[in-house]
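# Commentary on secondary and tertiary structure
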Amino acid sequence: MRQKGTIGWLKHDITHRGVTAWALSAALFAFYVILYWTDWLDPVAQALHLGSKWTLYGLLYTIAITAGGIYVMRKYRHNKYQIVRTTVIIFVQATLAFSVPLILKFFNQPEVYLSYLWPLKIEYFYPSTIASWPLPFIIWSIAGSLLMVPLLATFFGKRWYCSWVCGCGGLANTAGDPFRQLSNKSSAAWKFEQYSIHITMLLSFVVTAAVVASFFIGDSSPMLQSAAGEMQSAYGFVVVAILSGIVGVGVYPIGGTRVWCRYFCPMAAVLGLVQKKGKYRITVKDNMCISCGLCSKYCEMGIDVRAYAQRNEDFTRASCVGCGLCEEVCPRGVLHLENSDKPRSGPQPLTIDALVDESWKDRHVSPHAEEKQESVISVNWN
């Protein structure tokens, strides 16, 4: 609801695709074009004694996450999960993604961003990159990508990385929080997501394999060497620069946050596949949903959470990043994020009997259910 006054109009306009939202989106697009393809920011970085425009960008990114994180912690100060999660996001960004690389650079060491792993950071599996690193960083990168990522996703779902560690998700859940309700909830968006994110994942695998093969046998196969170089450049331009940078952040004010995470991130695709077979799930209290739709509205990944709640069905979706906002905004406490080995409940009819005898409290069928079977009224919410 729009608040009174000029500030109220501006707040509503910028978070509901008004004129100011489009202007902000255009400004973000322009910033990333300048960052990627000009040297205009270098004098600014040098004036601030930051060395290069990329260090300046890292500083601005960290400030955005910190300022947005403080805003989020004030907004959800009653929610322990959101307070802890946001604190971790700020800490990881300020240390592993900014201060540590800066310190390494100061000591003439390679700038390694320890919070980013392959395939999100695709160059971290390129032999030319690995060859320039000290052994501990090589072990961290390979073991982190191939062992830690799938293992933790099995037990905790993709949320351990996408909503607690990754800088892309960190920016979305802090500075991007006012725009989370703008994500596309249509079936067309969901179908596009299924193809786009897995195509990008396969592309990252193919490009990595081509670059590795070129490194080892490229001298005897100039054609492979040339093709790998072109694939590497094309992936860097389209996926890294345009999709993760310009589109990923530029569309926040008009398309919601997590556009990059939802449609294109190869790491999110890998974690999603593991999550589907793991322990993470969102559980639903039987017959409690009042169909207000707030859970679906504020899901930044475009998941129709309400449909599951209406059917009393626990669920695991590959795209869910476990931000916990569906649980936060639910006025009746219907939803809960869990890691469990218990069998998932299937869809159940919403009945008047369950509301009357309060059988939803223990999620078991009421002892009088069979007697009352004939009086059960199934409500079609669609």
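One can find the structure itself at the top, above this paragraph.
So, here's what we can say about the structure. (Residues numbered from 1 in each chain as written. Predicted model: local features only at pLDDT ≥ 70, side-chain atom pairs only at ≥ 80, totals over all residues. Heavy atoms only, no water.)

### Side note on the nonpolar core
- If you look at the biggest cluster of nonpolar residues, it comprises 61 residues, and the most contacted ones within it are W260 and L335.
- In this structure, this core is formed jointly by two domains, domain 1 (6-271) and domain 2 (281-345), each of which donates at least three residues.
- Setting aside its immediate chain neighbours within four residues, L335 contacts I282, T283, V284, C295, V305, A309, C326 and E327.
- L35, I65, L182 and I246 belong to the second largest nonpolar core, which has 19 residues in total. (Core = buried A, V, L, I, M, F, W, Y, C linked by side-chain atoms within 4.5 Å. Buried < 20%, exposed > 50% of the residue type's maximum accessible area, 1.4 Å probe, protein only. Domains from an automatic or database assignment. Contact = heavy atoms within 4.5 Å.)

### Side note on the pattern of salt bridges
- Per the counting criterion, the structure on display carries eight salt bridges.
- Close ionic contact of D39 with K53 constitutes a salt bridge, the shortest N to O distance being 4.0 Å. Note that D39 is positioned in the loop between α2 (19-37) and α3 (42-47) and K53 in helix α4 (residues 53-75), a separation of 14 residues in sequence.
- With relative accessibility at 8%, the residue K53 sits in the buried group. (Salt bridge = Lys/Arg side-chain N within 4 Å of Asp/Glu carboxyl O. Helix = DSSP H or I, 4+ residues; strand = E, 2+ residues; numbered from the N terminus.)

### Remarks on the environment of M148
- Turning to its location among the elements, M148 is positioned in helix α7 (residues 135-156).
- The exposure class of M148 is partly exposed, given its relative accessible area of 25%.
- In this view, M148 contacts L117, W140, A143 and W160; residues no more than four positions away in its chain are not counted.

### Comments concerning a nonpolar patch on the surface
- A cluster of nonpolar side chains, contributed by V33, W37, F237 and V238, occupies part of the molecular surface with about 360 Å² of accessible area.
- Elements with a contribution of two residues or more to the nonpolar patch: α2 and α11 (222-250).
- Residue position: W37 is located in helix α2. (Patch = residues over 30% accessible without salt bridge, like charges linked within 9 Å, V, L, I, M, F, W, Y side chains within 5 Å. Areas by Shrake-Rupley, 256 points an atom, 1.4 Å probe, with all protein chains shown as cover.)

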